[in-house]
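Next come the chains, spelled out residue by residue.
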Amino acid sequence: MAAPSRARAIEQRRITSLEVLCVVLVLALLAQGPLIRMLDIPAVRTGATVFVAICVQATPFLVLGVLVSGLIAAFVSPLALRRVLPRTTTAAVPIAGLAGMALPGCECASVPVSRRLMQQGVPPAAALAFLLAAPAVNPVVLVATAVAFPGEPRMVAARFLGSMATALVMGWLWARLGRPEWIAQRALRRPERPPGRSAFAVFTETARHDMVSSGGFLVLGGLTAAVLNVLVPASWMASLTGNMVLGILVMALLAVVLALCSEADAFVAASLTAVPLLPRLVFLVVGPAVDVKLVALQTGAFGRRFASRFAPATFMVAIACGSLAGVLVLGATR
Amino acid sequence: MRRETQNVLLVLLGGALCKIAYNGSFLRYVKPSLLPFLICAGVVILSLGLISIGRDVRAGRTVTDHHDHAGRSTWLLVLPVLAIFLVAPPALGADTVSRSARAVAPKQPALALPPLPAGPAPALRMSDFVTRAVWDDADSLHGRQVRLVGFVVHGAQDSTYLGRLVMACCAADVTSVKVRLEGYRGLAVLPQDGWFEVQGQVIPGSAKSNTRFTPTLTVSALHPVPVPTEPYEF
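In this numbering scheme, every chain counts its residues from 1 along its sequence in written order. As a convention, the first chain written is A and the first ligand written is 1, with the rest following in written order. Side-chain atom pairs in this predicted model are given and counted only at pLDDT of 80 or more, local residue features only at pLDDT of at least 70, and totals for whole chains, interfaces and linings cover all residues.

**Q** A description of the overall build of chain A should follow, citing residues and the corresponding values.
**A** The secondary structure listing takes helices from DSSP runs of H or I that are at least 4 residues long and strands from runs of E that are at least 2 residues long, numbered from the N terminus. For chain A, the count of helices and strands is 18 helices and zero strands. Expressed as a percentage of its 334 residues, the buried residues of chain A come to 53%. Taking the contacts inside chain A whose residues are at least 6 apart along the sequence as the reference set, 86% of them involve residues at least 24 apart. Partly exposed residues are those whose C-beta has more than 12 but fewer than 20 other C-beta atoms within 10 Å; 20 or more makes a residue buried and 12 or fewer makes it exposed, with C-beta atoms placed from the backbone. We call two residues in contact if the C-beta atoms placed from their backbones are at most 7 Å apart.

In structure tokens:
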């Protein structure tokens, strides 16, 4: 009897995160004046607004993602998923890519869902194809693209082709070259379901856990994007009218650092009237596949070793697929 | 981080979303049509936190393992909570306009522009005004007084502009429009970022590529206005 009570005594003496949180909140309250005074610096104020905006804009989509993830964990058995998907990974990749059309959200929603799919036994290659396809080819994003480019209906087709190709190529590349140990073990471990727990309890616990574990990374991504948004000189845009290759590269980098929601990026691309169409298409293909916010979320979901390989590869493949789709659908490099 | 702390953070985060949805300050950050999604997200996050607090309380002392190794990243959730509750950053303004050198022409309207509304000085959206000044072949602005609402931006060489930001989805994707103000005393001492309604007449041919498609307005009257509930144009 002595040992547990001593353990409990130690437990009671240790400072827990709850107390730390309380201290943080009290300190922040006391420092409210200086905090607000910091906003007198215009660049800090702009950064703070952009940061809150990205968080506020992305949270509903992250919530959608964790809810879908929770529903899959509670109600879709691994067996049912295996029955739906083709047996070979090569064939499962395009099916998963097409399934991405059914998740009407932006990239923040697809990260928790694709991780849940992996945990439920879907081959990683197929889950990754879903991860890349879902934010770019769903109807909401395609309609937004059509609205943003009223005079250029071929932009929608080109975007669909480029993004789908990126997703499939990356899926097949992973099937061929990917190593399971690159994905953090915690990402693939299925949460054990205690006997007697209701489906509703599994649903809420999974959603809660996903929200907590990916929310922090969303904030990290939002913070990075806000800082870059303030620091990246706008004169980048001015240099884009001449050289097509340079234009494609700069627009691809811009897609990564701006971290726009895939439902909004078409409007931004449409407003850059000085830039030719092809670099703008690459912007639309790269953005939903890889940006700073997404890399942060992927690091959280699948681990650093995964993200450090997957993100650069996706960046290259997305530039190639976007350019190719542009040349094929839009014709010459206008 | 302990499970209890995570739950408290979720309640705070959900509460923060509900707060900005309720008091309307979400319009500083995102477009109006996001409101229902914002409310849903806030309520869902709030309930996820409350449900698991309730579950833990009911389970009482039988729950032994309170440690949930979600990592240190969860602490970052404190940042948006603090930013919303304590700082509440204002809508973007003059700093963003001066920062964006995107001197591109507004998109050419697909259809011919309708004539200006009747009346002595119709109110126009800033973005419509600039589009008309750049593209309107029928020259609908010629000889007409118009009213514009925006904030003051002081530029290089004592130039004063009226600026406004156009949002697609959230404040990370805004593009700026601005109109140069002239011909009115005291323009140079107007407060940066102060909101004004300006009445005036465009100088024909002032919105060309050499002025970076920024029209010039000869101001005949101006008076301060409160910050609009929708600070952005869409």
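Still more to cover.
**Q** A description of the pairing of strand 2 (residues 160-166) of chain B should follow, citing residues and the corresponding values.
**A** Residues and elements named next belong to chain B. In terms of residue burial, strand 2 counts as a mostly covered element, since five of its seven residues are buried. Strands are treated as partners if at least two bridges between them are detected by DSSP. Linkage of strand 1 (residues 146-154) to strand 2, two consecutive antiparallel strands, is achieved through a turn of five residues, within which Q157 is found at a positive phi near 50 degrees. Strand direction decides the pairing type here: strand 2 and strand 3 (residues 175-182), joined by seven bridges, are antiparallel. Bridge pairing links T160 to L181 in strand 3.

**Q** Describe the interface of chain A and chain B, and please don't skip the residues or the numbers.
**A** Facing the 60 residues of chain A at the interface are 58 residues of chain B. Mapped onto the side of chain A that touches chain B, the elements with two or more residues apiece are helix 2 (17-30), helix 3 (32-38), helix 4 (42-75), helix 12 (199-231), helix 13 (235-238) and helix 15 (265-271) of chain A. The biggest single contributor to the side of chain A that touches chain B is helix 4 of chain A, with 18 residues. Classes in brief: Ala, Val, Leu, Ile, Met, Phe, Trp, Tyr, Cys and Pro nonpolar; Asp, Glu, Lys and Arg charged; the others, Gly included, polar. Each residue belonging to the side of chain A that touches chain B can be placed in one class, and the counts come to 40 nonpolar, 17 polar and three charged.

**Q** Kindly report on helix 3 (residues 78-87) of chain B, identifying the contributing residues and their values.
**A** Here helix 3 of chain B has its buried residues at P80(B), V81(B), A83(B) and I84(B). Along helix 3 of chain B, the residues classed as buried sweep out an arc of 165 degrees about the axis, all on the same side. Buried positions along helix 3 of chain B lie against helix 4 and helix 12 of chain A together with helix 1 (3-23) of chain B. At the exit of helix 3 of chain B stands A88(B), carrying a positive phi of roughly 45 degrees. Arc definition: directions from the helix axis to the C-beta atoms.

**Q** Residue-level account of the nonpolar core, with values.
**A** For this analysis, nonpolar core means a set of buried Ala, Val, Leu, Ile, Met, Phe, Trp, Tyr and Cys residues linked through C-beta atoms within 7 Å. Counting 144 residues, the largest nonpolar core has A53(A), I54(A), A126(A), A129(A), V282(A), V286(A) and C170(B) as its most contacted members. Looking at which element gives the most residues to this core, the answer is helix 4 of chain A, with 18 residues. Residues from two domains meet in this core; each of domain 1 (3-87) and domain 2 (94-224) of chain B gives at least three. Each residue touching V282(A), except ones within four places of it in the same chain, is listed here: I248(A), M251(A), A252(A), I319(A), G322(A), S323(A) and G326(A). Counting residues in hydrophobic clusters, the runner-up holds 25 residues, among them A133(B), L141(B), L148(B) and L222(B). Each domain's limits were defined by an automated method or a database of domain assignments.

**Q** Break down the sheet that holds strand 2 of chain B for me, with residues and values.
**A** Sheets are built from strands that pair by backbone hydrogen bonding, the pairs being arranged parallel or antiparallel. Residues and elements named next belong to chain B. Taken in spatial order, the five strands of this closed barrel run 1-2-3-5-4, and their pairing is mixed. Averaged over all pairs of adjacent strands, the angle between their axes in this sheet comes to 55 degrees, without regard to strand direction. In this sheet, strand 5 (residues 216-224) lies alongside strand 4 (residues 195-202) in antiparallel orientation, the contact comprising seven bridges. If you follow V202 over to strand 5, its bridge partner there is L217. Lines fitted to the C-alpha atoms define the axes, with helices restricted to the stretch that makes contact. Angles between their N-to-C directions range from 0 to 180 degrees.

**Q** Can you tell me about the confidence of the model for chain B, naming the residues and giving the values?
**A** Residue and element names in this part refer to chain B. As a per-residue quantity, pLDDT reports the predictor's confidence and falls between 0 and 100. Taken over all residues, the pLDDT of chain B has a mean of 86, while the share at 70 or more is 92%. No element of chain B has a lower mean pLDDT than helix 4 (residues 94-99), which averages 86, and none a higher one than strand 1, which averages 94. With pTM at 0.83, the complex prediction returns an ipTM value of 0.91.

**Q** An account of helix 8 (residues 124-137) of chain A is requested, with residue identities and associated values reported.
**A** For helix 8 of chain A, with 14 residues, the first-to-last C-alpha span of 20 Å sits near the 20 Å given by 1.5 Å per residue. Taking burial as the measure, the 14 residues of helix 8 of chain A include 14 buried ones, the bulk of the element. A helix is expected to span 1.5 Å multiplied by its residue count minus one.

**Q** Which residues make up the packing of helix 4 of chain A against helix 7 (residues 107-119) of chain A, and what values do they have?
**A** Residues and elements named next belong to chain A. At a minimum axis distance of 6 Å, the contact between helix 4 and helix 7 shows a crossing angle of 15 degrees. In terms of their interaxial angle, helix 4 and helix 7 are classed as roughly parallel. Of the two elements, helix 4 crosses helix 7, and the hand of that crossing is right-handed. On helix 7, the residues that touch A58, F61, L62, L64, G65, V66, V68, S69, I72 and A73 of helix 4 are C108, A109, S110, V111, P112, V113, R116 and L117. Should an angle fall under 35 degrees it is taken as roughly parallel, and over 145 as roughly antiparallel, whereas 65 to 115 is taken as roughly perpendicular and any remaining angle as oblique. For any pair of crossing helices, the crossing counts as left-handed if the nearer helix is rotated counterclockwise from the farther one by less than a right angle, and right-handed if it is rotated clockwise.

**Q** For the environment of S114(A), give the residues involved together with the corresponding values.
**A** All names here are of chain A. Its place among the elements puts S114 in helix 7. Put simply, S114 and A126 are 12 residues apart on the chain and 8.9 Å apart in space, counted from C-alpha to C-alpha. Once residues within four sequence positions are removed from consideration, S114 is found in contact with A127, L128, F130 and L131.

**Q** Before we move on, can you summarise the pairing of strand 4 of chain B with the specific residues and values?
**A** One face of the sheet, then the other: side chains in a regular strand alternate in exactly this way. By the bridge criterion, six bridges tie strand 1 of chain B to strand 4 of chain B in an arrangement that is antiparallel. In the strand pairing of strand 4 of chain B, F151(B) is matched with W195(B).

**Q** Tell me about the environment of A133(A), and please be specific about residues and values.
**A** Residue and element names in this part refer to chain A. Note on placement: A133 falls in helix 8. Put simply, A133 and S271 are 138 residues apart on the chain and 24 Å apart in space, counted from C-alpha to C-alpha. With sequence-adjacent residues up to four places away left out, A133 is seen in contact with G97, G100, S163, M164 and A167.

**Q** Which residues make up the environment of F130(A), and what values go with them?
**A** Residues and elements named next belong to chain A. Mapped onto the secondary structure, F130 falls in helix 8. Overall, the presence of 27 C-beta atoms within 10 Å leaves F130 in the buried class. C-alpha separation for the pair F130 and W182, spaced 52 residues apart in sequence, amounts to 18 Å. Those residues in contact with F130 that sit more than four places away from it in its chain are A96, G97, A99, G100, S110, S114 and L117.

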